[in-house]
Amino acid sequence: AVVSTQSTGATYSNEDLEQAFSFAVVRNPWTRMVSGFRDKVSKEETQGPSLRIYGKRIIKAIRGINNATELEELYPTFGEYVRWLVEKQDARTESMSLTVDKHFAPQWRTLCAPEVKYDMIVPLEYSANLVKEIWSRT
């Protein structure tokens, strides 16, 4: 089989791809979870637009509150957010994986594992220290 890239039009055979150095950059799951809470569902205004709809879904699921007016004033606690994530993960099937916003979906769903055997998986928090090593292998 031959794979073609959209950006350059270059083509690569399976042999080329098997011999290529491959790496993935992932974020610390705890840091990512805290960031998702602060940036997307908490009352705190940080760097990105709020995903208020998820905050309301969390309140509905965890507290059982469905009144729209009441929901406007409520924000989930961090504990409720974590519980919601765990319950969503337990209930999620492969076909449902795309229905959850990327901020809350597990990172492993975006990796090509196990099809791709990564030579290196780099934590984002340490990637600056590893840039030279990665470039030396490419």
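The structure under discussion appears in the preceding block.
Q: I'm lost on the overall build of the protein chain in this one. Help?
A: Looking only at helices and strands, the protein chain has six helices and four strands in total. Taken from N to C terminus, the helices and strands of the protein chain fall in the order β-β-α-β-α-α-α-α-β-α. Split into buried and exposed, the 138 residues of the protein chain put 29% on the buried side. Long-range contacts, defined as pairs at least 24 residues apart, comprise 47% of the intrachain contacts of the protein chain with a sequence gap of at least 6. Approximately 9800 Å² of the protein chain is accessible, and the part contributed by carbon and sulfur atoms is 55%.

Q: What should I look at first to understand the nonpolar core in this one?
A: Here is a general trend for soluble globular proteins: nonpolar side chains tend to be buried in one another's company. Within the largest apolar cluster, 11 residues are counted, these being Met33, Phe37, Val41, Leu51, Tyr54, Ile58, Ile62, Tyr81, Trp84, Leu85 and Phe104. Of all the secondary-structure elements, those providing two or more residues to this core are helix 2 (29-41), helix 3 (52-63) and helix 5 (78-91). Apart from residues no more than four positions distant in its own chain, Phe37 is found in contact with Ser42, Pro76, Thr77, Phe78 and Tyr81.

Q: Help me out: how do you make sense of the packing of aromatic side chains in this one?
A: In this description, a pair of aromatic rings is defined by centroid distance and the angle of the planes. In total, this model carries six aromatic pairs according to the counting rule given. Consider the rings of Trp30 and Phe78, whose centres lie 5.7 Å apart with planes at 80°: the pair is edge-to-face. Of the two residues, Trp30 is situated in helix 2 and Phe78 in helix 5; the sequence distance between them amounts to 48 residues. Measuring from ring centre to ring centre gives 5.3 Å for Phe37 and Phe78, while their planes differ by 80°; the resulting arrangement is edge-to-face. In this pair, Phe37 sits in helix 2 while Phe78 sits in helix 5, placing the two residues 41 residues apart along the sequence.

What counts and what doesn't
- Residues numbered from 1 in each chain as written.
- Predicted model: local features only at pLDDT ≥ 70, side-chain atom pairs only at ≥ 80, totals over all residues.
- Heavy atoms only, no water.
- Helix = DSSP H or I, 4+ residues; strand = E, 2+ residues; numbered from the N terminus.
- Buried < 20%, exposed > 50% of the residue type's maximum accessible area, 1.4 Å probe, protein only.
- Contact = heavy atoms within 4.5 Å.
- Areas by Shrake-Rupley, 256 points an atom, 1.4 Å probe, with all protein chains shown as cover.
- Core = buried A, V, L, I, M, F, W, Y, C linked by side-chain atoms within 4.5 Å.
- Phe/Tyr/Trp six-rings, centres within 6.5 Å; stacked < 30°, edge-to-face > 60°.

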